Amino acid sequence: MSPRWSTHHFKSGRFRVEDSDVAMQQTRAAAATARCAAAAERRRSMRRYADQCWPSSPLRRHGLRKTAHGHSVVVAALATLGLWVFHGQALAQVAKPGFVPNRPVTLVVPFAAGGGTDALARLVADKLGAAVKQTVIVDNRPGANGLVASQFVEKAKADGQTLMLGSNSTHVIAPLLLPDRGAAEAMKSKFTLVAVLAGTPLVLAVKESSEYKTLEQFLMKKDVELTFGTFGVHSSPHLMGALLASRTGVRLVHVPYKGSAPAVTDLLSGTIDSVFLTVAGISSFVEGKQLRALAITGKERLAGLTDVPTFQERGIPGLENSGWFAIFAPANLPEPVIADLREKIGGIMRQPEMRDKLRDLGLQEMTVAPGNEIEVWNDSWTNTGEILKQTGIHFN
C-alpha cells in the first residue's frame, strides 16, 4: 500500500511529510514509556511486598538499594523475587493438602435405601460433607451381597472422591464364597480400608410367647429342627447361625429373607422359630415385648440390651467376633488422602452425638488405633475362613 501524503504550506515553500512514519515513531515511543512504567511499578510492588514480609532481611536491607552509581540493580529485584518464591514454597510445604475434594463426593452403599446400613451411611455422609466442605452423595447399589457395589467402586479413580460403606459381609464373606479363589484374594488388592466405623453385633431372638425363655432351653432341643431367619443367604447372621449349630449340636435350619422386616413378620406369625438379626432389626420389637432376645454376639454386652448375655458368657466360643462397618476406597489411594480422611472420619465417630446415633442403630463403637485398620480386615478374613470350613457353607 502506498504511503499517505499531505501537503503543507510554510511561507513560500512547500514540503511533504510521511504521516505513517511519524505515527510509527510515536507508537514505539509510547510503548517504550509504558514498558518502563510497568517495570518501575513491578519493582515498587516487590519492594512493598518485601517490606511487609521481610522488613529485617539482609537481602532486603542490602539488595533493594541503588548502587554507588545511582542505578537500580536488577539483582535486587531478583533477590526479592527469590525470597518471594522461597516464601511460596515454604507455605506449600507447611500446608500440604490432604483430602480436598473439588466436586461432590460419592459414598456407595451396597444395600437398598431405608435399612440400617443406609441410615449409617447418611449419618456419616452428612458429617463428612461438613468436614470436607463438599456435598457427599449416598449412592445405593444393592445386589449380590455387595459385589455390585464393590465392582463399581474398585474401578473408580483413586482420589478419594468415590468411597464405599462396606462391611465384613461385603469385603470378607462375599469374596470368600466366590468359586474363583484367585478373585477372593484379589479383593484385598483392589481396595484401601480407610476407616473402621462401628461393630455390628447380632442377636438370636424368639417370639415373646415362645417356650424358649433362655438360650439354654433353646439349645436343649437337639432332637428337632429349629428354623432361624436372616436377611439373606451367606450373610453374617447365616454364618453365625451355622456356627452356633456346629458348636452346640442343635439342628438349625436356615431360612433366608430379603431383609429383616419379613423375617420378623414370619417369626411373629409363628412361621419360623427364631431370627438371627442385627440389633437394629429387632430392638423395637424387644422393647415392645413382642420378641425376646436370647443372646448376642461380641465380647461384651450391648448398652441398649444390658440384660441380654453374650454367647461367650454362656460358654459358646467362636461367636465373639462381631461384624463391622468400614469406609473403603479404591486401591492406591495416596497416603496423604488416606491419613486426612482417616483423621476426619475418626473424629466424626468420636463425637458424642454420633455415639448416641450408633447406640440407636444397635451398633457398637470400635476403637482402632490409626494404621491398624487393616488388622481388623485380616482377622475377620482368617476367622471367617475358619467358620466356612467348620460349617461347610460354600458358594451355590
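Residues numbered from 1 in each chain as written. Predicted model: local features only at pLDDT ≥ 70, side-chain atom pairs only at ≥ 80, totals over all residues. Heavy atoms only, no water.

1. Details of helix 12 (residues 335-349)
The terminal C-alpha atoms of helix 12 lie 21 Å apart, and with 15 residues this matches the ideal 21 Å at 1.5 Å per residue to within 8%. Within the sequence span of helix 12, burial applies to Val 337, Ile 338, Asp 340, Leu 341, Ile 345, Gly 346, Ile 348 and Met 349. Buried positions along helix 12 lie against helix 4 (116-132), strand 5 (162-167), strand 6 (191-200), strand 12 (323-330) and helix 13 (352-360). (Helix = DSSP H or I, 4+ residues; strand = E, 2+ residues; numbered from the N terminus. Expected span 1.5 Å × (residues − 1). Buried < 20%, exposed > 50% of the residue type's maximum accessible area, 1.4 Å probe, protein only. Contact = heavy atoms within 4.5 Å.)

2. Re the packing of aromatic side chains
Counting across every chain of the model gives five aromatic pairs. Ring plane angle 85° and centroid distance 5.4 Å describe the contact between Tyr 212 and Phe 218, whose orientation is recorded as edge-to-face. Assessed through its relative accessible area of 8%, Tyr 212 is described here as buried. Plain terms: the ring middles of Trp 324 and Phe 328 are 6.3 Å apart, the flat faces sit at 35° to each other, and that makes the pair tilted. As far as burial versus exposure is concerned, Trp 324 and Phe 328 are alike and both buried. Three or more aromatic residues link up through ring pairs in this structure, and these residues are Phe 191, Trp 324, Phe 328 and Trp 377. (Phe/Tyr/Trp six-rings, centres within 6.5 Å; stacked < 30°, edge-to-face > 60°.)

3. Comments concerning helix 14 (residues 373-391)
Taking 1.5 Å of rise per residue, the 19 residues of helix 14 would be expected to cover 27 Å, and the 27 Å separating its terminal C-alpha atoms lies within 8% of that figure. When helix 14 is considered as a whole, its buried residues turn out to be Glu 373, Val 376, Trp 377, Ser 380, Trp 381, Thr 384, Gly 385, Ile 387 and Leu 388. The buried side chains of helix 14 occupy one side of the element, clustering within an arc of 165° when seen end-on. Structurally, helix 14 contributes buried residues whose contacts are with helix 6 (168-176), helix 7 (181-190), strand 6, helix 9 (236-248), strand 12 and helix 12. Immediately downstream of helix 14, the backbone of Gly 392 shows phi near 75°, a positive value. (Arc of directions from axis to C-beta.)

4. Brief notes about the side chain of Glu 373
Along the polypeptide, Glu 373 turns up in helix 14. Filtering out sequence-adjacent residues up to four positions away, Glu 373 remains in contact with Leu 193, Val 194, Ala 195, Val 196, Arg 342 and Val 368.

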